[in-house]
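# Residue-level structural notes
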Amino acid sequence: MSSALTDLFPLPIVQAPMAGGVSVPQLAAAVSEAGGLGFLAAGYKTADGMYQEIKQLRGLTGRPFGVNVFVPQPEHAESGAVEVYAHQLAGEAAWYETELGDPDSGRDDGYDAKLAVLLDNPVAAVSFHFGVPTPEVLDALRRAGTVTLVTATTAEEALAVQRAGADAVIAQGVEAGGHQGTHRDVPENDGSGIGLLSLVTQVRETVGIPVVAAGGIMRGAQIAAVLAAGASAAQLGTAFLATPESGAAALHKQALTDPLFTRTALTRAFSGRPARGLVNRFMREHGPYAPAAYPEVHHLTSPLRKAATRSGDAQGMALWAGQGHRMARELPAGQLVETLAAELAAASTALSTGPEGEKR
């Protein structure tokens, strides 16, 4: 399916924007140079920090790339819930010899300032997570020449994305690593979600805009499967997390295939919003008690996560990862794109031929 989105890059491979320092310019440049669509993550950055990364990335590649922005969240935490959780984490702060963060330090993440930068210095694509921007924002970006994408985790959310005027929807299955991009964060979201292939099919039957499939994709054959289900491209995050260009901590990269970490789960323990990561001690001990309070919990636990990383303690880190993490490959990002493309081509050929190799 040719569209404003897929016309930007020759291969149906999008590198997921992973916030927290993972999706650095070097990673996005390598992916774009190899024929995919690289992305920067502006979620936890200031507007100037985002601008500096865009400037750096433009110095590394002349190919199209994208920037991801978090949609501001309404205040909805139960009164006192964050304070109670802070008391529970006091022992962690003592153990790592650090202070807990200020939960109110990042309520305003400079959303409007980031949009201003993206309108003054347009990039090829901008994606949104945690909700739908206003039609006015989407229209302004379109007039600036930017393709817009918005994450959805249900067909109903995808319909809201289309009605707002986005160019494409990112259908995020429950298998995805990191934060689920649900438009409304309520306690009932914990542990629930739709598998990617079912979600892509439902979304494809509901909306008329291109669909990008995201969630647990690690191999070219999986890309072929979501394309066959109606997606125009696949978005991969965990697959690129292990690459040398990724800004993830070495411990995080190693944990993806470490036998010590056998499964993933959705948790609010680190940020207050459902996010999938490798199950470790922190998640087991604090996940059941973490309130639905994002970004308050994120800022509260930030010093703990940083201290755990500095001390080399993977049991206290937020090890975001999708369900396919055991299939991670430590390949350079450009080589990984080429490998995925070759696997996709082989799988597509197999899907189009019969058991004897005859064309279907």
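Structural notes, computed from the coordinates. (Residues numbered from 1 in each chain as written. Predicted model: local features only at pLDDT ≥ 70, side-chain atom pairs only at ≥ 80, totals over all residues. Heavy atoms only, no water.)

Attention shifts here to the packing of helix 5 (residues 111-120) against helix 6 (residues 135-143). Where helix 5 meets helix 6, the axes come as close as 10 Å, and the angle between the chain directions of the two elements is 25 degrees. The angle between helix 5 and helix 6 places the two elements in the roughly parallel class. Of helix 6, the residues touching helix 5 (which contributes Tyr111, Leu115, Leu118 and Leu119) are Val137, Ala140 and Leu141. Per-class residue counts for the contact of helix 5 with helix 6 are seven nonpolar, no polar and no charged. (Axes fitted to C-alpha atoms, helices over the stretch in contact; angles between N-to-C directions. Helix = DSSP H or I, 4+ residues; strand = E, 2+ residues; numbered from the N terminus. Parallel < 35°, antiparallel > 145°, perpendicular 65-115°, else oblique. Contact = heavy atoms within 4.5 Å. Nonpolar A, V, L, I, M, F, W, Y, C, P; charged D, E, K, R; others polar.)

This brings us to the packing of helix 9 (residues 220-228) against helix 14 (residues 333-352). Across the interface, helix 9 lies against helix 14 with an axial gap of 7 Å and an inter-helix angle of 55 degrees. By the angle between their directions, the pair helix 9 and helix 14 is classed as oblique. As for how helix 9 packs across helix 14, the hand of that crossing is right-handed. In contact with Gly220, Ala221, Ile223, Ala224 and Leu227 of helix 9, helix 14 contributes Leu340, Glu343, Leu344, Ala347, Ser348 and Leu351. Split into classes, the residues belonging to the contact of helix 9 with helix 14 amount to eight nonpolar, two polar and one charged. (Left-handed = near helix turned anticlockwise from the far one by under 90°.)

The next thing to look at is helix 2 (residues 47-60). Between its first and last C-alpha, helix 2 extends 20 Å over 14 residues, near the 20 Å set by a 1.5 Å rise per residue. Within helix 2, burial applies to Ala47, Met50, Glu53, Ile54 and Leu57. Along the axis of helix 2, the buried residues cluster in a sector spanning 125 degrees; they form a single face. Those residues of helix 2 that are exposed and aimed more than 90 degrees away from the buried face are Lys55 and Gly59. (Expected span 1.5 Å × (residues − 1). Buried < 20%, exposed > 50% of the residue type's maximum accessible area, 1.4 Å probe, protein only. Arc of directions from axis to C-beta.)

What follows is about the pattern of salt bridges. In total, this model carries eight salt bridges according to the counting rule given. With a shortest N-O distance of 3.8 Å, Asp139 and Arg142 are connected by a salt bridge. Residue Asp139 and its partner Arg142 are both found in helix 6; the two are separated by three residues, about one turn of the helix. Owing to a relative accessible area of 33%, Asp139 belongs among the partly exposed residues under this scheme. Glu285 is the salt-bridge partner of Arg281, the closest N and O atoms lying 3.1 Å from each other. In this pair, Arg281 and Glu285 are both assigned in helix 12 (residues 281-286), four residues apart and thus about one turn of the helix distant. (Salt bridge = Lys/Arg side-chain N within 4 Å of Asp/Glu carboxyl O.)

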